[in-house]
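Here's the letter readout for the chains.
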Amino acid sequence: MPIPSPTVQELLQRAHALRRLAHDIERCDAMLLYRGAGIDTWIGATPQRCLDDLLMARTLLIRATDLLRRNAVTLEQRAVQAGIAERLAVPTTSTFVR
Amino acid sequence: MNGFMGYDSDRVARLRTTMHHAEFELDGFRSSDTEAGTALSDVRRVQRMLRESWLPLLDSLLVCKTLTNYRPTRLETSELTTSRLGVLEHTYGWSIVTDPLTSASNAITIDQAQALGWTLSHVDVKTLISDHELAWLAMALTAIAKRPALVDAFLVNMTNDGWTRLCNQLGDGRIALVALKTVDGQLNSTELARLADIDSIFRQLGAVLFDERRRHRSADAAPVLATMNPYAAAMIVQTLQLSASELAAVSVTLIRRYRTGGWADVQRAGPGTADILMQTMIHTPGAPAVFVSRTAHDPALLFDSAHSSALAQALIALGTNPANMTTATAGAVIPDMVRYIRDSYNSNVGFYGRQDPTIGLFAVDLVAPWLLQFAPSHASDWSLSSSEGPRLLASVMIEPSAFSRLVTQRAAIAAGLSHRIASSGDMARHSVEDLAAMLALIDTLARQRTVDHTHDAQQVWDIGFSVIDASLSLLPAGGAAQIGSGVALAGLRQVLVSNGLAPRSAAAVAHETLYVLDWQTTVAAAAVICATFDHMVSNGRITAMTPPPPLPDPGVADPGAQFSVAFSAWLDVCALGQAGLELDAIKQTIASTHEAERNAVDLATG
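Quick caveat: nothing in here was measured; it's all calculated off a predicted structure.

1. A short note on the overall build of chain A
Alright, step 1. Counting its secondary structure elements, chain A contains 3 helices and 1 strand.
Alright, step 2. Ordering the α and β elements of chain A from the N terminus gives α-β-α-α.
Alright, step 3. Across the 98 residues of chain A, 37% fall into the buried class.
Alright, step 4. Split by element, the accessible area of chain A, about 6,200 Å² in all, is 57% carbon and sulfur.

So, in structure tokens, the structure goes:
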């Protein structure tokens, strides 16, 4: 039994969810942890390693949000294609009549 | 950070709270969408890092749970390498634990530079200068000196007391090492490294002060130097890049303190305070002359402060060189120095309890460039009486080899004469007069010592012809005229080549005394006349058909008189008019022994 293709609505919902997740990650506390881990808080080789890790964490999270948004764009493009295909396959009155 | 970690408990607590919340928040990011898989794996990676690495450490720190490698400790405030954490612990109440990690970076930060200045100013430095601390301090100061922001941060907490304690400690350490090297002949590798670190720290401290002075023109290093030992201050001064006058002023102050403050007793080995300062002045253009001028009234400060008399003499020679000192200034300096040398030579006692055996010969080097000013005809240059100059000069020509030394200085004598002629304005007139005066003075000195050897006679000739050469080169006839060059000079050259510049046998100097000067002044007069004659021919004042001037005859007993007769006859035959009068004036000025004779009589009669 063939897997049914996702509908336009489904694709748009998934894209929206990915964008929402990217938005939430972008605003999470982990993004700004590094600000509280500088030399005003602690000093030493271990604190320096911690600061380096938190800066790397920020980089990873930014990369994650970028990836989520890229994937959302891909889904939205697929939705557009699916919409075109649907209209071509089942013409409606509104398609031809003003 | 050298095995320790410091932290502010309140801030670490806030960091932990935020991190817990962040970890919880990350845990809530979920998605069943396959397109979110890769992104969420990055999120989980961050979450794991917080949960497994940093939250446990922060939790342990805050509940005082002892971790294997993070043990609570207290730092010594006197430990330089941990001065940054030490200041934070004792001033801001930070907690300190051991840190198993070692920092890959030795970079000095602003707060670290501030902390270092504070530590050096508030702890007893005597207890903290271990070998590894010295090496670290050298590294830290090198980094600080390179960045103005770090210099400012370092100096903001560095008090004068801090400077004094640190530099005195370093200076004492250096003196001890140099003394050890003198006694043992060498230092081991540890001692050498320590000496190198001390020197590096001194250099960087000087660089720090220099940078501050450069950027803040009002900044004055004098207060910092005033309270530390003269030796330590001298080490700092080396790299302050002071101006000539500043350096000379500071050096006078420090050497005076060194001589009167008892430091000389503990600084016997290696370069001392004065040596360091004098070496610095030698490498600072203009400083030797200013220093010599400032200490003219106290020559002992010049001659009797450095461990190395050769160094002091090099400084004095440089400072009193006519190229660096005016005739008027030299008049306020050289006579006093000559008197000091004469008196100290006679008293046979120096500052260090011994007489400098080289001072007699150095006196010759000192007077050589200024020989002309000792001549009676130039007595007014230095406000000396007409007989005082030759008498003063004779008083330091003490050593048996003094005259030989004067011969070796003939280039300096000639240079001094050239400088005098070149700066006197009327070059033609003065060069002739000064040449005559110089030849007379040299003859006077020679006459004082009996010239009874061919070698001695040759020496007198060498000096005389050096000054003749110098004078000729400054005559209008040509900047580079030398004896034997030019057209008319060619004949004179043949005479000199065939007969030699000086008598070659003892028989030839049998009539020594006046003969030497007579021949020399005659040759000098002939040389100047020939050079001037060539010049007059070349510019058309005398026709090219005119026969050349007569030449002196070395084969006769009285070459001066013979030349005078021949020259007068030549003038009569040639009828050169004004040109002839000028040539006659030159001959009369140079080829006269009257002045030398008078000087000799003065000396002989005391």
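2. Points about the pattern of salt bridges
Alright, step 1. Overall, the coordinates contain 19 salt bridges over all chains when judged by the stated rule.
Alright, step 2. Across the pair arginine 14 of chain A and aspartate 33 of chain B runs a salt bridge, and its minimum N-O distance is 2.9 Å. Of this pair, arginine 14 of chain A sits in helix α1 (residues 8–26) while aspartate 33 of chain B is found in the loop between α1 (9–27) and α2 (37–62), placing the two residues in two different chains.
Alright, step 3. A relative accessible area of 26% means that arginine 14 of chain A is categorised as partly exposed.
Alright, step 4. On the basis of relative accessibility, which here comes to 13%, the residue aspartate 33 of chain B falls in the buried class.
Alright, step 5. A salt bridge links arginine 339 of chain B to glutamate 388 of chain B; the shortest N-O distance between them is 3.2 Å. Highlighted residues: arginine 339 of chain B in helix α16 (residues 327–347) and glutamate 388 of chain B in helix α18 (residues 388–396), separated in sequence by 49 residues.

3. Side note on the confidence of the model for chain B
All names here are of chain B.
Alright, step 1. Across chain B, the average pLDDT comes to 77, with 72% of residues at or above 70.
Alright, step 2. The low-confidence segment residues 476–487, where pLDDT is below 50, has 26 contacts with residues more than four positions distant or belonging to other chains.
Alright, step 3. Predicted confidence for residues 500–511 stays below pLDDT 50, and this span has 20 contacts to residues more than four positions away or in other chains.

4. Looking at the nonpolar core
Alright, step 1. By size, the foremost hydrophobic cluster in this structure holds 99 residues, and its most contacted members are Leu116, Ile144, Phe154 and Leu205 of chain B.
Alright, step 2. Counting residues per element, this core draws most heavily on helix α5 (residues 131–146) of chain B, at 8 residues.
Alright, step 3. Not counting the four nearest positions on each side in its chain, leucine 205 of chain B is found in contact with Leu141, Phe154, Trp163, Leu166, Cys167, Leu170 and Ile236 of chain B.
Alright, step 4. Residues Ala15, Leu18, Leu51 and Ala82 of chain A belong to the second largest nonpolar core, which totals 48 residues.

5. Quick notes on the packing of aromatic side chains
All names here are of chain B.
Alright, step 1. Scanning the entire structure with this criterion turns up 7 aromatic pairs over all chains.
Alright, step 2. Between the aromatic rings of phenylalanine 533 and tryptophan 570, the centroid separation amounts to 5.8 Å while the plane-to-plane angle is 65 degrees, which identifies the pairing as edge-to-face. With phenylalanine 533 in helix α24 (residues 512–538) and tryptophan 570 in helix α25 (residues 559–574), this pair connects stretches of sequence that are 37 residues apart.
Alright, step 3. With a relative accessible area of 5%, phenylalanine 533 lands in the buried category.
Alright, step 4. An aromatic cluster of three or more residues is present, and its members are Phe533, Phe563, Phe567 and Trp570.

6. Section: the interface of chain B and chain A
Alright, step 1. In this assembly, 45 residues from chain B lie in contact with 35 residues from chain A.
Alright, step 2. Scanning the region where chain B abuts chain A turns up 2 salt bridges.
Alright, step 3. Elements with a contribution of two residues or more to the side of chain B that touches chain A: β1 (4–7), α1, α2 and α3 (83–92) of chain B.
Alright, step 4. The biggest single contributor to the side of chain B that touches chain A is α2 of chain B, with 13 residues.
Alright, step 5. Split by residue class, the side of chain B that touches chain A holds 27 nonpolar, 8 polar and 10 charged.

7. A short note on the environment of threonine 65 of chain A
Residue and element names in this part refer to chain A.
Alright, step 1. The residue threonine 65 is located in helix α2 (residues 45–89) in this model.
Alright, step 2. The class for threonine 65 is buried, based on a relative accessible area of 1%.
Alright, step 3. Once the C-alpha coordinates of threonine 65 and aspartate 24 are considered, the two residues, 41 residues apart in sequence, prove to be 9.0 Å apart.

8. Examining the packing of α5 of chain B against helix α6 (residues 148–156) of chain B
Helices that pack against each other are described as a pair by the angle of their axes relative to one another and the distance between those axes.
Residue and element names in this part refer to chain B.
Alright, step 1. Running from amino to carboxyl end, α5 crosses α6 at an angle of 120 degrees, the nearest separation of the two axes being 5 Å. Comparing their axes, α6 and α5 come out oblique. Counted together, Leu141, Ala143, Ile144, Ala145 and Lys146 of α5 and Pro148, Leu150, Val151 and Phe154 of α6 form the full contact between these two elements.

9. Quick word on a nonpolar patch on the surface
All names here are of chain A.
Alright, step 1. A cluster of nonpolar side chains, contributed by Val80, Ile84 and Leu88, occupies part of the molecular surface with about 290 Å² of accessible area.
Alright, step 2. Inspection of the secondary structure assignment puts isoleucine 84 in helix α2.
Alright, step 3. The class of isoleucine 84 is partly exposed, set by a relative accessible area of 36%.

Conventions used here
- Residues numbered from 1 in each chain as written.
- Chains lettered and ligands numbered in written order.
- Predicted model: local features only at pLDDT ≥ 70, side-chain atom pairs only at ≥ 80, totals over all residues.
- Heavy atoms only, no water.
- Helix = DSSP H or I, 4+ residues; strand = E, 2+ residues; numbered from the N terminus.
- Buried < 20%, exposed > 50% of the residue type's maximum accessible area, 1.4 Å probe, protein only.
- Areas by Shrake-Rupley, 256 points an atom, 1.4 Å probe, with all protein chains shown as cover.
- Salt bridge = Lys/Arg side-chain N within 4 Å of Asp/Glu carboxyl O.
- pLDDT = per-residue confidence, 0-100.
- Contact = heavy atoms within 4.5 Å.
- Core = buried A, V, L, I, M, F, W, Y, C linked by side-chain atoms within 4.5 Å.
- Phe/Tyr/Trp six-rings, centres within 6.5 Å; stacked < 30°, edge-to-face > 60°.
- Nonpolar A, V, L, I, M, F, W, Y, C, P; charged D, E, K, R; others polar.
- Axes fitted to C-alpha atoms, helices over the stretch in contact; angles between N-to-C directions.
- Parallel < 35°, antiparallel > 145°, perpendicular 65-115°, else oblique.
- Patch = residues over 30% accessible without salt bridge, like charges linked within 9 Å, V, L, I, M, F, W, Y side chains within 5 Å.

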